[in-house]
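# Structural characterization, general
Here are the chains, one letter per residue:
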Amino acid sequence: MAGGMKTLAKETAIYGVSSILGRFLNWLLTPFWTYVLIDTAQMGVVGNLYSWTALTVVILTYGMETGLFRFANKSEEDPLRVYTTTLISIAFTTFLFVVLAISFLNPITTIFGSEDIKPHYVLLLIIILGLDTLSAIPFAYLRYQKRPVRFAVIQILNVVIAIIFNLFFFLACPWLATKFPGAFSWFDINNGVDYILISNLIASFIRLLLLSPQLRVKYIFDGALLKKMLVYSLPLLVLGVAGIMNQNLDKMLYPHLSTEVDKMGQLGIYTASFKVAVIMVMFTQAFRYAFEPFIFAKNKESGDSKTAYSQATKYFIIFGLFIFLAVMGYLDIVKYLLEVKYHEGLMVVPIVMAAELFFGIYFNLSLWYKLTDQTKWGAYLSIIGLVVTVLGNVLFVPRYGYIACAWTALFANLVMMVFSYFLGQKNYPIKYDLRSAGFYFVLSMFLFAGIMFFRGNIGNAWLRLLINTALIGVYILVVLKKDVSLQRIPVVNKYFKK
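Being a predicted model, the structure only gives us computed values, none of them experimental.

Take the pattern of salt bridges next. Pairing is possible between side chains of opposite charge, provided their charged atoms come close. Tallied over the full model, the rule gives seven salt bridges. One salt bridge in this structure joins D332 and R464, with 3.0 Å as the shortest N-O distance. On the criterion of sequence distance, the pair formed by D332 in helix α13 (residues 331–334) and R464 in helix α19 (residues 461–482) is long-range, its members being 132 residues apart. Here the residues in one salt-bridge network are D332, K335 and R464, joined through shared partners.

Attention now goes to the nonpolar core. The biggest cluster of nonpolar side chains holds 110 residues, and the ones touching the most others in it are W33, L49, F170 and Y475. Listed in part, the 23 residues of the second largest apolar core include A72, I90, Y141 and L225.

Axis separation between helix α14 (residues 349–365) and helix α17 (residues 402–427) bottoms out at 8 Å; the angle between their running directions is 20°. Taken together, the axes of α14 and α17 are roughly parallel relative to one another. Along this stretch, α14 crosses α17, giving a crossing that reads as left-handed. Contacts between α14 and α17 involve I351, V352, A354, A355, E356, F358, F359, I361, Y362 and L365 from the first element and I403, A406, W407, A409, L410, N413, L414, M416, M417, S420 and Y421 from the second.

A full pass over the atoms with the stated rule returns 26 aromatic pairs. Note on F24 and W27: the rings are 5.9 Å apart at their centroids and 20° apart in plane angle, and the pair reads as stacked. Taken together, the positions of F24 and W27, both in helix α1 (residues 2–36) and three residues apart, correspond to about one turn of that helix. Taking relative accessible area as the criterion, F24 reaches 36% and is therefore assigned partly exposed. A relative accessible area of 6% means that W27 is categorised as buried. Connected via pairs of aromatic rings, a cluster forms that spans F32, F168, F169, F170, F184, W186, F187 and Y195. It is K251 that lies over the ring of F274; its NZ or CZ is 3.7 Å from the centre. Residue placement shows K482 over the ring face of F439; its charged tip is 5.1 Å from the ring centre.

One non-glycine residue, Y62, lies in positive phi territory at about 30°. Structurally, Y62 can be placed in the loop between α2 (40–61) and α3 (64–72). On the basis of relative accessibility, which here comes to 9%, the residue Y62 falls in the buried class.

It is worth spelling out the environment of L346 at this point. By the secondary structure assignment, L346 is in the loop between α13 and α14. L346 gets classed as buried once you look at its relative accessible area, which sits at 11%. C-alpha of L346 to C-alpha of Y270: the two residues are 76 residues apart in sequence and 8.3 Å apart in space.

You can see T56 is positioned in helix α2. Spatially, the C-alpha atoms of T56 and I126 are 9.6 Å apart, while their sequence positions differ by 70 residues. Apart from residues no more than four positions distant in its own chain, T56 is found in contact with F97 and L129.

Each value, and the rule that gives it
Residues numbered from 1 in each chain as written. Predicted model: local features only at pLDDT ≥ 70, side-chain atom pairs only at ≥ 80, totals over all residues. Heavy atoms only, no water. Salt bridge = Lys/Arg side-chain N within 4 Å of Asp/Glu carboxyl O. Helix = DSSP H or I, 4+ residues; strand = E, 2+ residues; numbered from the N terminus. Core = buried A, V, L, I, M, F, W, Y, C linked by side-chain atoms within 4.5 Å. Buried < 20%, exposed > 50% of the residue type's maximum accessible area, 1.4 Å probe, protein only. Axes fitted to C-alpha atoms, helices over the stretch in contact; angles between N-to-C directions. Parallel < 35°, antiparallel > 145°, perpendicular 65-115°, else oblique. Left-handed = near helix turned anticlockwise from the far one by under 90°. Contact = heavy atoms within 4.5 Å. Phe/Tyr/Trp six-rings, centres within 6.5 Å; stacked < 30°, edge-to-face > 60°. Lys NZ or Arg CZ within 6 Å of the ring centre and 35° of its normal.

See the structure below:
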């Protein structure tokens, strides 16, 4: 048992670190693009296209990744038969999608709602979608085979290749064009969106090549098995689509709803600023991978699992509020991740960060329907959030622009969090430390108000940073003073002994 737990912890660490590192490296591209793309409208095009990509991949895999794990682990099923049946099904539907999408390329292009999105952008996107979907099942099979190192290497390499080609097109090519104008007469910096998509296409193609060993197997198709898998997996599709749309629908709908003359430019500003706020997502992911396993392992020794869940949520909130204050306190530095013309959108950063914090808390609270096998509630809650997202964007974006997207995201995640809490207390009661959570929330909002006050009233940026550092320090000291369990950490304990 101990050996199995050790292996599980090791694999979790590899998957976690590779996921966070890959997300971080990919995140770095957005600040880079703000400096190399010729205008904010091109950033808007990129944001819009990739929002559709996230949704389409979920639809094209239709929950079969989870279905693969579920059926491959059944004793009565042959894992290879499950894998190849899944692979054949996904390959067939993906091929059908690519053929039909290319056949109706021009009508599909009009769905995006902007003349800035060209048919050849959509063509490149369709091919990328096909490659990414075909890679999804071999990737999942690597996890089933317990090959986390190969999984991590391919995942990170995919992002690194995309970054290398972005650097080639946007940094190397302009320099080479001045040295060898004849050889680089094809290069045009105005075609920035093309180069981003081509870089993605190359990376996706190489990733599929790296996964080719997982494709060289004896193929067996079992129609009866596929039917059972679809019955299991398709409900997960509803959950996946609703979840992705909650995160991306604002950027998908914006070209249709905005009344701005430069609507894609405004979307570009929002997309870039939204990415700054995604720092919260990366840090909270790191928290779940690093801290939660520690708490759960400790509490497994005492057998009090509900206390572990309550503690994990409490420290998640403490940690998330610290990240919120840190980003806002050092926004004078963080803002230079983006080119100056995007700075007007930074007003959405605190709103989106709060929205992502609420979503993280919702994720922590969602364990009740997983532990009680009532996963249908996950779909219900996601649909409730989706309804709020649609209504908020449709009603307010035409009048208020992208700021309405941010507020809608916050409210939708807040609604899901509150509903999940009360439903969880009814079906799987856990005594969460609401008093402590409320105290830290009020404290952080008070300190945030101080940060915003000094930003508006002190012109010297260095002085603001000094004051903000002190305010963030107040939060840390209050947390350490108030929470006895944190005082048991060696470094902290040493401080209190002093």
